[in-house]
Each structure stands twice: as C-alpha cells, then as structure tokens.
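Architecture and fold: a report
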Number of protein chains: 2
Amino acid sequence: MSHSRFTATYLIETAHDPEAAAAMMAGEQSAGTFVRVPGETNELRARHSASVESVTVLDEVDTPSLPGTRPPKNVANPRYRRARVVLSFPAENVGASLSALVTTVAGNLFELSPFSGLRLLDLTIPPAFIERYPGPQFGAQGTRALTGVSEGALIGTIIKPSVGLSPQQTAALVKVLADAGLDFIKDDELIANPPYSPLAERVDAVMHVVNEHADRTGKRVMVAFNISGEIDEMLHNHDLVLAAGGNCVMVNLLSVGLSAVSYLRRHSRLPIHGHRNGWGALSRHPLLGFDFRAYQKFWRLAGVDHLHVNGLRNKFCEEDESVIASARACQTPLFDAPGKAHAALPVFSSGQWASQAPDTYAALGNSDLLYLAGGGIMGHPDGPAAGARSLREAWVAAVAGIPLADYEREHPALAAAFRQFGSVAG
Amino acid sequence: MSHSRFTATYLIETAHDPEAAAAMMAGEQSAGTFVRVPGETNELRARHSASVESVTVLDEVDTPSLPGTRPPKNVANPRYRRARVVLSFPAENVGASLSALVTTVAGNLFELSPFSGLRLLDLTIPPAFIERYPGPQFGAQGTRALTGVSEGALIGTIIKPSVGLSPQQTAALVKVLADAGLDFIKDDELIANPPYSPLAERVDAVMHVVNEHADRTGKRVMVAFNISGEIDEMLHNHDLVLAAGGNCVMVNLLSVGLSAVSYLRRHSRLPIHGHRNGWGALSRHPLLGFDFRAYQKFWRLAGVDHLHVNGLRNKFCEEDESVIASARACQTPLFDAPGKAHAALPVFSSGQWASQAPDTYAALGNSDLLYLAGGGIMGHPDGPAAGARSLREAWVAAVAGIPLADYEREHPALAAAFRQFGSVAG
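Here the structure is a predicted model, which is why all the values come from computation and not from measurement. (Residues numbered from 1 in each chain as written. Chains lettered and ligands numbered in written order. Predicted model: local features only at pLDDT ≥ 70, side-chain atom pairs only at ≥ 80, totals over all residues. Heavy atoms only, no water.)

**Considerations on the packing of helix α8 (residues 231–243) of chain A against helix α10 (residues 258–267) of chain A**
Residue and element names in this part refer to chain A. One can describe the packing of α8 onto α10 by two numbers: an axis separation of 10 Å at closest approach and a directional angle of 30°. One way to sum up the angle between α8 and α10 is to call them roughly parallel. Relative to α10, the crossing made by α8 is right-handed. Counted together, Ile231, Met234, Leu235, His238 and Asp239 of α8 and Ala260, Tyr263, Leu264 and His267 of α10 form the full contact between these two elements. Of the residues that constitute the contact of α8 with α10, the class distribution is six nonpolar, two polar and one charged. (Axes fitted to C-alpha atoms, helices over the stretch in contact; angles between N-to-C directions. Helix = DSSP H or I, 4+ residues; strand = E, 2+ residues; numbered from the N terminus. Parallel < 35°, antiparallel > 145°, perpendicular 65-115°, else oblique. Left-handed = near helix turned anticlockwise from the far one by under 90°. Contact = heavy atoms within 4.5 Å. Nonpolar A, V, L, I, M, F, W, Y, C, P; charged D, E, K, R; others polar.)

This is the structure:
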C-alpha cells in the first residue's frame, strides 16, 4: 500500500468557518460524508480520507459571488470570506486514472451549498501517472524538429474565413501562406470534416501544395488539420494526414473530451495541436471553475503537444498576466522525474502582430512557442510575405533585446507593420 | 446542398448595442469575422453565415456580471443590458458532427470581450444527426424491462462510503441493499477502478450477490458499475460487467468527454448511467456556461440512457425549478421524427427521501425516473428494507394523488420515515 498523497489547491468563498468548509470539501471528495455511514470504519477513514493541509484566509465581501449558497443559520448579515485551501488526497484513491483524478479534484465540489465561490487553482499529479500517461509525444523539441525551426518563435497563422472554404480554396490559401514563409498553418476550430470540405479531400488538396512547396524550397510547413470528431473518425483522419505526408493534427479538446484525446495520443504518430475553445465557460468567473494552471495538466497527461493560451493584448477578455501564467504553466515540468516534464508548446493567438513579441518574450523568458497572427500577416500592407517577415523580425529583435523602434529602422517589413497596425494596439 | 438551419438560444449581458453584439456572435461562430478576409466572397457568406433570428432585451444592471468585458468607448457610465438572443446556423456548417456542433454553439463565444455574460440556454439539433447518433439505447422503457419494474418510480441508492470499500465489503453492502428490495444500486462517482477495488474483482464479488439474489427472488437488481476511465478500459470493463450478468454501466460524463461516451455507446449492450459531476463549474453562474436544457442534449446524442438531474430540496445549490426543468428536458423529444425522441431517464438524488415524491411527481407529471436515496434508506429507523418500502409507498401515494399525511396512517414504514427525517427537510 502506497502512502503517497497528492494535493489540490482551491480558491473558495464561504460565509461559514473556512476551516470547517474546507473539511467538508475533503470529506465530500473522499471517504467521509457529512454523516458517518455503515462500513465506514476508522481504519478506512484513516487510509482513504482527504486532509485539509492549509487554509489561508484572504479578503471578505458582503455579497456572495455565486447564487445558491446557504449561509449559516442565525447569522443576520453574513460575510463571505475568501480563502486559499490546500487539500491532500491519498494517491491510492485514484490509482493512475485520469478520469478518477478529475472527478476527485473537480467533481461535485462546485455545487456544494456552503460555497459562494469555488475554483481549482492547481494540483499535483501522483507519480503513478508517469508510467500510464506518457504525455506529449513531440512538445517544443519535436515540433522544432518537424518544422526545421531550430530556434526562435515558430510563426504561424489560421486559415480564414472560419467556415465555407472548399478544399481547393483552402489549398490555394495555403499556397499563399506557405509562400509567405510561415512555419505553421492551422484549420479554424469551426471546420473539421463538414460536407462542404470533407477532411479527406482537404488533406489531399492541401498536402499537394505543402509537399510541392517542400520539394521546391526544402521547407515543410506544418499544417494542423482539424480532425475533431468521433473516435473512429479521428483515428482514420490522423492516418490520412500521416499518409499524405502531413505532420500535425488538431483537436477541439473540450468538444471531444479527455479520454478521446488520450486514446488518440496512443495511436498518434503526429503532434496533437490542442485548441481550447469553450474554455471560457470553465474559467471566466474568477470564483468558479478552473485556473488554466490546473486545467492544462489534465490535457498534458492526455498527451496534447500544443496548447492554446490566448495572447498578450488579445481581442478576448483575458488579462495579460493570465495569458503568461498559462504559457509558463504549459512549460513547467509535470513531474520531478528526469525526462518526465510532459511540457507542451504554448500557442499564442488572437490579435497578435509584431508588437507583442518583446513583451511576450520578456514575460516568458524563452521563445519555445507558436505565435499565430491573422491580420498581422494577411493585412500587412506589403502582403503576406512581408507580414510573416515582420513577425520574424520582431521575434529576432525581442530575443536579442533590441527595441522594435530601433530594429524597424533597418527592417522595412517591421516598419510597415507598425505604420499599419500601430494605432490599433500596443 | 441543404438549406436547413438549426438554432441556438443564449442569455447575454452587454454594454454594447444588443443587436450589434448578437451580430458579432453570429460572425465569430460562422463565416464572418470582424474584418472581411480574402476568400470570403458574398456567396460564401450567404451560404455559411449564422444569422441573428431575434434579440429580446430583458433587464439591465449597473455592474458587469463577469470581469474582462470592454464597454463601448466614450461611455461614462455604461449600463449592462441582458437579452435573450436566438441565432441560426446553416446545418451544412456542422454536418452531422457532435464535436462540430458543440464548438459552433459553445466555442470561443464565452470569452468575447463585448459580453459581461453569455450562457447557452437551448439549441435545436439538425436532422442529419438522427442517422449518425442513435441516442440512448435503453432509456426509460429499456431500463424498466431490465429491472422488471413496469410502473412507478424506480427506487435506488448509492454505495457509501464513497471510497475505500474492498470488493468484498462492497458485495456485502449490495447484499443488504438487494435484500432491502431496491431496484437499482450504483457505485459512487469517486470509485471506478482503483488499486484497492479493481473493477474486475468488484464486478465478480457484486454480481455473485446479484445473481444469487435473482435466482432466489426472481428480481434482478440493476447495479451501475462505474467504468469511467480510458477508452480501452471502459470497453473492457463493459464486457466484464456484461459477461458477469450485469445490466448497467456508469460513466462520469465530464471526466471522460463526449467522444468517449459516444464510442462506448456504439459498443455497449447495457444502459449507460450518466453522472454529471463537475457540472457545477459549467452552470453555477447564471450568466455563464450552460443551462442543462442545452447541455443534456449533447449527452443524449452521445447515447446516455440515465442522466443525473439533482433532486428537489437537495443538499447542493440548485433551485427546485431548475431540477424539474432539467428532468423535463431529458424527457422532451430531441427530434420531431417518430421514434427519435432520444429520451433519457432522469435520475433524482441528493437528500432525497419519501417526502419529495409528491412534489416531484406533480412537477414532472410522470414517474419515468430513477429516485435515489442514501440516508432515506440506510438511516431509516426500521432498517434498509423499511427505508426502501417508505420510498415506494411515497411514490404509490404520489401517483395516486393521496397526501402522504393520509397514506402514512396505514403504512408504518412511511410513517417512521416522517418521524425520523421529517424535521430535516420538507
């Protein structure tokens, strides 16, 4: 019997005593319930109970952040205290099961009535998972090897419009983007295998362009084909991409789920590009759901190679600090064991152009990332090739520590990008 | 080319013009983006664009419900208007793909910066899904056939403590519960296939009891074994349950995901009992995430037979009206086509005992449901058999329209339940 434990860290808000509320969380998610039940011996409790490791009270507020909570009886004007809670669980409770881990740290907890807020901030992963979950197969290093980009940020884009392009129209656009010198091109999350662009036909048309481009230039663009769908379909479509010489598949993580991605990983011979659309529903209220620091660990265990993290000064709601925290989290080793970092390559996107490169590099401390721009490439006044060049120049300057305002003097593509987009942001 | 469309209904909150905000949602999730991009012809837009069908402004508030929103520039004191928005999408955009449907109606929308609230309330399913997604294999009727309960609510319970019981301890408890006369017994969501209770051993021990009980009494208790896990493991464990004479498998839906459940459904010869732990993270804030009315449709498409809906006067945060709306939704046909209702059996649980039966029946209008009690059975003063009897008596009275206060006069188990639990609730 192993006595090892793992921890989960939460932000809670409660009108009850925070220590008692934390104890209730521990009981609900392990051997205890509110009332002792038959069969629940002291020995069983000692072996299987979750424990409250710490409760750090933070601030307090007058009104509950979430509805439905039941404050203590006989309290006229309840105050809602926020606290950081660390629970520990016996590793034995979950074995090496990802779904059991998720249910244990993030199951019924969110609905418990003493809480007017409950968010999973972080967790540790029991060592038993190392063997069963091999993690990302390619990550940063493998993606660099496949694209031949040995240093600096990988520069990419998204095929737009999101929906409606035929396979031939898509291939024509991919030709423009490949000729522009990009490292990476991805399908939009809204297009997978629809009747107007069956994946088999799209792979055929696009890979014809990619292969021809590779033969001509020696550069093999990575195209992430959106294979999201039913399990059989995903495996089949992975095989199609592989057979056509493709080197990446994309999955809408939340739409297919953890077990499907984990299954694909075991079959896959290509990097899995993980799109997190839907994530807002799980994260946007600060006292509900998940921090990405916690959530991304599940997907890295499942084996996702690339993980979207939004971008600095993005067009969505997320603050820059949150974006950087997410990217750092993807690069932080999942296990202490050597060679078991299970790191994923963070993918920056949304409103990105040359200007965010220095801040992104400064905050992250490295350029092991995929940097996706749309308008920053297609909307560049001198065309897509100049757009791609402006991004690469910005990243070279960022890594070298040269201010963009200096670097653009001798780099006309970068200068033109600032003239075009400079008033829009940053 | 099909011109059929499907709709999605949202609750939004925005400081922008609600019509313009709705148009942005439609653009973001279909052919349009904020800026027209190359390749986006008028023909493509006409064929693939989502449309705003209606915008119904509701109330307005001073402060945004969610952080991160960007109000219009040059507005000193923005007001946040709430509105009900119906969008329609071309069915062709998603084909017959469940993951594409989810990404289309519930993808990046939640993070769009004009919105300080966005929740998916409901959606319709394109007819193309009928053929590809056969839906629940058993539902209410199939579950009744397997359990031999031709009318009235099915009465069940959950094995507690949640974690820690060995296979033999579990089997001993199942014997007590089967002898008590229950129709249904389920694993806790926290126990699937852990080292201390490997599923194979648990199935073996429990089914020995169940089979012996069936031989002796003619009644075959349905036991929902929690097979949640990796895909291979779930299929393997389904087969184990089937081979041992079992007649139900349980899955933690959110922990394994839609594609995994859909894959299991195609393999399964048993009802799939769907546990929705984790659902609170997606639903608890009223202006974020999902109404269950919308969310349960995805799982019925994937083929879940039983769906948890909480219970009246439950120990969690959910209001009674929401519980009933969820249960009704599970029973509402998914398609207009005959024989394609895809209905799931709603599962009531959490703090349930005899007292909630009349209100549940009155609100739902039928007894095609699974009614799970824990303390209401094991905590009954005259033992588990009397506990189970009290629940069945309450349901007979509810369906017959006899007040429990009258019925308990000649039904001592029911009377004892009220003496024991009457002060606790309802």
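More follows now that the structure is in view.
**Some remarks on the pattern of salt bridges**
Opposite charge on two side chains allows them to pair when their charged atoms are near. Residue and element names in this part refer to chain B. In this structure the tally under the stated criterion is 40 salt bridges over all chains. For the salt bridge of Asp291 with Arg119, the shortest nitrogen-to-oxygen distance reads 2.7 Å. In this pair, Asp291 is assigned in the loop between β10 (288–290) and α12 (292–302) and Arg119 in strand β4 (residues 115–123), connecting sequence segments 172 residues apart. The class of Asp291 is partly exposed, set by a relative accessible area of 24%. Measuring nitrogen to oxygen at the nearest pair gives 2.7 Å for the salt bridge that ties Arg202 to Asp187. Within this pair, whereas Arg202 is found in helix α7 (residues 199–217), its partner Asp187 is found in the loop between β6 (184–186) and α7, the two being separated by 15 residues in sequence. (Salt bridge = Lys/Arg side-chain N within 4 Å of Asp/Glu carboxyl O. Buried < 20%, exposed > 50% of the residue type's maximum accessible area, 1.4 Å probe, protein only.)

**Here we look at the nonpolar core**
Of all hydrophobic cores here, the largest spans 245 residues; its most connected members are A:Tyr10, A:Phe298, B:Tyr10 and B:Phe298. The residues contacting B:Phe298, other than those within four sequence positions of it, are B:Leu98, B:Leu101, B:Val102, B:Val105, B:Leu120, B:Leu123, B:Leu258 and B:Phe290. (Core = buried A, V, L, I, M, F, W, Y, C linked by side-chain atoms within 4.5 Å.)

**Remarks on the sheet that holds strand β2 (residues 51–61) of chain A**
Residues and elements named next belong to chain A. Strand order in the open sheet formed by five strands is β2-β3-β1-β4-β10, with mixed pairing between adjacent strands. Only two strands of the sheet have a single partner each, and these edge strands are β2 and β10 (288–290). Here the strands of the sheet are splayed against their neighbours by 15° on average, with no regard to which way each runs. Sheet analysis places strand β1 (residues 5–14) next to strand β3 (residues 80–90), joined by ten bridges and oriented antiparallel. Counted as the bridge partner of Tyr10 is Val85 from β3. Each of β1, β2, β3 and β4 (115–123) is contacted by helix α1 (residues 18–28), which is oriented at about 135° to β2, the strand it contacts most. Of the strands in this sheet, β4 and β10 touch helix α12 (residues 292–302), which is tilted by about 55° from β4. (Pairing = 2+ DSSP bridges.)

**A closer look at the relation of the copies chain B and chain A**
Superposing chain B onto chain A takes a rotation of 180° combined with a translation of 0.0 Å along the rotation axis, leaving an RMSD of 0.0 Å. The operation mapping one copy onto its partner corresponds to a two-fold rotation axis. Considering only C-alpha atoms, the residue of chain B closest to the rotation axis is B:Gly257, which sits at 1.9 Å. Both copies present the same face, since 100% of the interface residues in chain B are matched by interface residues at the equivalent positions in chain A. (Least-squares fit on C-alpha atoms with pLDDT ≥ 70 in both.)

**Some thoughts on the domain arrangement of chain A**
Residues and elements named next belong to chain A. Domain annotation of chain A identifies domain 1 (5–131) and domain 2 (139–421). Here the C-alpha centre of domain 2 lies 36 Å away from the C-alpha centre of domain 1. Residue-level contacts link 23 residues of domain 1 with 20 residues of domain 2. Broken down residue by residue, the surface that domain 1 buries against domain 2 is led by Leu98, Arg119 and Ile130, which jointly contribute 34%. For Asp122, the salt bridge is made with Lys297, and the minimal N-O distance between the two is 2.8 Å. Remark: the boundary between domain 1 and domain 2 carries eleven residue pairs in polar contact (both at pLDDT 80 or more). Put simply, the parts of the chain that give the side of domain 1 that touches domain 2 at least two residues each are β1, α3 (98–106), β4 and α4 (128–132). Take the side of domain 1 that touches domain 2: its biggest share by element is seven residues, from β4. Here the residues of the side of domain 1 that touches domain 2 sort into 17 nonpolar, two polar and four charged. (Domains from an automatic or database assignment. Buried area = accessible area lost by both parts, 1.4 Å probe. Polar contact = N/O pair within 3.5 Å; in protein donor to acceptor, adjacent residues only side chain to side chain.)

**Examining the pairing of strand β5 (residues 154–158) of chain B**
Residue and element names in this part refer to chain B. Taken across its five residues, β5 has five buried, putting it largely inside the fold. Both faces of β5 are covered, namely the face carrying Leu154, Gly156 and Ile158 and the face carrying Ile155 and Thr157. As defined by bridge partners, β5 adjoins strand β13 (residues 370–372) across three bridges and the pair is classed as parallel. Bridge pairing in β13 links Gly156 to Leu372. Judged from the three bridges that link them, β5 and β6 form a sheet pairing that is parallel. Bridged to Ile158 within β6 is Lys186. In terms of handedness, the path from β5 via helix α6 (residues 167–179) over to β6 forms a crossover that is right-handed. (Right-handed = clockwise from strand over helix to strand, strands pointing away.)

**Remarks on the sheet that holds strand β7 (residues 222–226) of chain B**
Pairing between the strands of a sheet comes from backbone hydrogen bonds, and it takes one of two forms, parallel or antiparallel. With parallel pairing, the eight strands of this closed barrel are ordered in space as β5-β6-β7-β8-β9-β11-β12-β13 (chain B). For this sheet, the mean angle separating the axes of adjacent strands, direction not counted, is 25°.

**Notes on the interface of chain B and chain A**
Every contact between the two is made by 86 residues of chain B and, on the other side, 86 residues of chain A. Summing the contributions of chain B and of chain A, the shared interface buries around 7000 Å²; its carbon and sulfur component is 56%. Of all residues in chain B, the largest losses of buried area upon contact with chain A belong to B:Glu111, B:Glu230 and B:Arg284, amounting jointly to 11% of the total for that side. At the surface where chain B touches chain A, the tally comes to four salt bridges.

**Here we look at α6(B)**
All names here are of chain B. For α6, with 13 residues, the first-to-last C-alpha span of 18 Å sits near the 18 Å given by 1.5 Å per residue. Here α6 has its buried residues at Pro167, Thr170, Ala171, Leu173, Val174, Leu177 and Ala178. Buried residues of α6, viewed axially, fall in a sector of 165°; they line one side. The elements touched by buried residues of α6 are β5, β6, α7 and α15 (375–378). (Expected span 1.5 Å × (residues − 1). Arc of directions from axis to C-beta.)

**Details of the confidence of the model for chain A**
Looking at chain A as a whole, its pLDDT mean stands at 95, while 96% of the residues score no less than 70. Here the prediction assigns the complex a pTM of 0.97, and the interface score ipTM is 0.97. (pLDDT = per-residue confidence, 0-100.)

**Thoughts on the packing of aromatic side chains**
One pass over the structure, following the stated rule, counts 25 aromatic pairs over all chains. Centre to centre, the rings of A:Tyr295 and A:Phe298 are 6.2 Å apart; their planes meet at 85°, and the pair counts as edge-to-face. With A:Tyr295 and A:Phe298 both in helix α12 and three residues apart, this pair spans about one turn of that helix. An identical accessibility class is assigned to A:Tyr295 and A:Phe298; each is buried. Relative to B:Trp395, the ring of B:Tyr371 lies with its centre 5.4 Å away and its plane at 75°, an arrangement referred to as edge-to-face. Here B:Tyr371, found in strand β13, pairs with B:Trp395, found in helix α16 (residues 384–400); they are 24 residues apart in sequence, far enough to count as distant. Residue B:Tyr371 shares its accessibility class with B:Trp395, and that shared class is buried. What links up through ring pairs into an aromatic cluster is the set A:Phe110, A:Trp279, A:Phe290, A:Phe292, A:Tyr295, A:Phe298 and A:Trp299. Residue placement shows B:Arg276 over the ring face of B:Phe292; its charged tip is 4.7 Å from the ring centre. (Phe/Tyr/Trp six-rings, centres within 6.5 Å; stacked < 30°, edge-to-face > 60°. Lys NZ or Arg CZ within 6 Å of the ring centre and 35° of its normal.)

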